[in-house]
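For reference, the chains in residue letters:
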Amino acid sequence: MKVKIATVWLDGCSGCHMSFLDMDERILSIADKIELVYSPLVDHKTFPDMVDVTIVEGAVASTDDLAKIKKIRAHSKILIALGDCAVNANVPSMRNPIPVDEIINRAYVENALINKDMPVHPALPPLLKRVMPVHEVVKVDLFIQGCPPKNDTIFFAIAELLEGRVPDLTTMTRFGA
Ligand code: SF4
């Protein structure tokens, strides 16, 4: 049976997903072992009942992120924090010293040249007071540092997991690399 893999995009720039795609044709060498069941890269809209490995890019920054990551954790056997935003909140957390209202006002009113207005659409999830790394909200099983992590590192981690081993990434990643 194929290993079910999901990838999730919280508050990140998609650079980690781009690095995931940079595995290029090496994906073919593991393609017969995996099934990508949920991801921004495929069309599935609903997170499955249970996924073997979920790879999370980005930090937890909004009420939507918070609900999503809790649900995903409950439906994932192994959860991987991919990239520095997921691992330590990185770039999104730069707003943490500033109150949320001030940040939004700065972006949508003070710095706007036209349509100066606060965003109020009900579909917009409220921002959390503080951006958090994934492990502050749910249990994380594997951390892959880097901004973004190298495609070699991501491939190694997945290949090791598929062989039933815990990947040793100590010499392969570091913050910002
Ligand atoms: S870790 Fe870097 S590349 Fe990945 S989402 Fe964050 S800013 Fe983008």
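Before reading on, note that the structure itself is shown above.
My aim in this report is to walk through the structure given alongside it, one point at a time. Note that this is a predicted model, so its numbers are computed, not measured.

With parallel pairing, five strands are arranged side by side in an open sheet as β2-β1-β3-β5-β7. Lying at the two open borders of the sheet, with one neighbouring strand each, are β2 (34-38) and β7 (142-144). Across this sheet, the average inter-strand angle for adjacent strands is 25°, counted without regard to direction. Bridging between strand β1 (residues 3-9) and strand β3 (residues 51-57) involves five bridges; their strand directions are parallel.

Right, let's talk about the site of the ligand for a bit. Lining the immediate surroundings of the ligand are Gly12, Cys13, Gly15, Cys16, Glu57, Gly83, Asp84, Cys85, Asn90, Gly146, Cys147 and Pro148. When residues of the shell around the ligand are traced back to their parent elements, those giving at least two are α1 (15-21) and α4 (84-88). For the shell around the ligand, a count of residues per class yields five nonpolar, five polar and two charged.

A separate point is the nonpolar core. Membership of the largest hydrophobic core comes to 20 residues, with the highest contact counts inside it found for Ile69, Leu79 and Val134. Mapped by element, the contributors of at least two residues to this core are β1, β2, β3, α3 (63-74), β5 (76-82), α4 and β6 (127-132). Beyond its immediate sequence surroundings of up to four residues, Ile69 is in contact with Leu10, Val56, Val60, Leu79, Val134, Val137 and Val138.

Attention now moves to the environment of Tyr38. Among the secondary structure elements, Tyr38 is positioned in strand β2. Since its relative accessible area comes to 17%, Tyr38 is described here as buried. In this structure, the C-alpha to C-alpha distance between Tyr38 and Asn88, residues 50 residues apart in sequence, is 24 Å. With near-sequence residues (within four places) excluded, Tyr38 lies in contact with Ile5, Ala6, Thr7, Val8, His44, Lys45, Thr46, Phe47 and Pro48.

Let's shift gears to the packing of aromatic side chains. Summed over the entire model, instances satisfying the criterion amount to one aromatic pair. A centroid spacing of 5.1 Å and a plane angle of 70° characterise the contact between Tyr38 and Phe47, whose relative ring orientation is edge-to-face. The burial state of Tyr38 is the same as that of Phe47; both residues are buried. Stacked on the ring of Phe155, the Lys or Arg Arg26 has its end atom at 5.0 Å from the ring centre.

Together, Met18, Leu21, Leu41 and Val42 line one region of the surface with nonpolar side chains, adding up to about 290 Å² of accessible area. Mapped onto the elements, Val42 comes out in the loop between β2 and β3.

Scanning the entire structure with this criterion turns up ten salt bridges. The shortest N-O distance in the salt bridge between Arg130 and Glu136 comes to 2.2 Å. In this structure Arg130 comes out as partly exposed when scored by relative accessible area, which is 40%. Of the charged contacts, one joins Lys139 and Asp141 as a salt bridge, the two residues approaching to 2.6 Å between their closest N and O atoms.

Moving on to empty space enclosed by the protein. Within this structure, the stated rule accounts for one cavity of 30 Å³ or more. Of the pockets and cavities examined, the largest cavity occupies roughly 40 Å³. Contributing to the lining of the largest cavity are Gln145, Gly146, Pro149, Lys150, Thr153, Met172, Thr173, Arg174 and Ala177. Residues that form the lining of the largest cavity fall into these classes: three nonpolar, four polar and two charged.

So, how was this worked out
- Residues numbered from 1 in each chain as written.
- Predicted model: local features only at pLDDT ≥ 70, side-chain atom pairs only at ≥ 80, totals over all residues.
- Heavy atoms only, no water.
- Pairing = 2+ DSSP bridges.
- Helix = DSSP H or I, 4+ residues; strand = E, 2+ residues; numbered from the N terminus.
- Axes fitted to C-alpha atoms, helices over the stretch in contact; angles between N-to-C directions.
- Near = heavy atom within 4 Å.
- Nonpolar A, V, L, I, M, F, W, Y, C, P; charged D, E, K, R; others polar.
- Core = buried A, V, L, I, M, F, W, Y, C linked by side-chain atoms within 4.5 Å.
- Buried < 20%, exposed > 50% of the residue type's maximum accessible area, 1.4 Å probe, protein only.
- Contact = heavy atoms within 4.5 Å.
- Phe/Tyr/Trp six-rings, centres within 6.5 Å; stacked < 30°, edge-to-face > 60°.
- Lys NZ or Arg CZ within 6 Å of the ring centre and 35° of its normal.
- Patch = residues over 30% accessible without salt bridge, like charges linked within 9 Å, V, L, I, M, F, W, Y side chains within 5 Å.
- Areas by Shrake-Rupley, 256 points an atom, 1.4 Å probe, with all protein chains shown as cover.
- Salt bridge = Lys/Arg side-chain N within 4 Å of Asp/Glu carboxyl O.
- 1 Å grid on protein atoms, 1.4 Å probe; cavity = no way out; pocket = protein on both sides within 12 Å on 5 of 7 lines; lining within 4 Å.
- Points joined across faces, edges and corners; volume = space filled by probe spheres on them.

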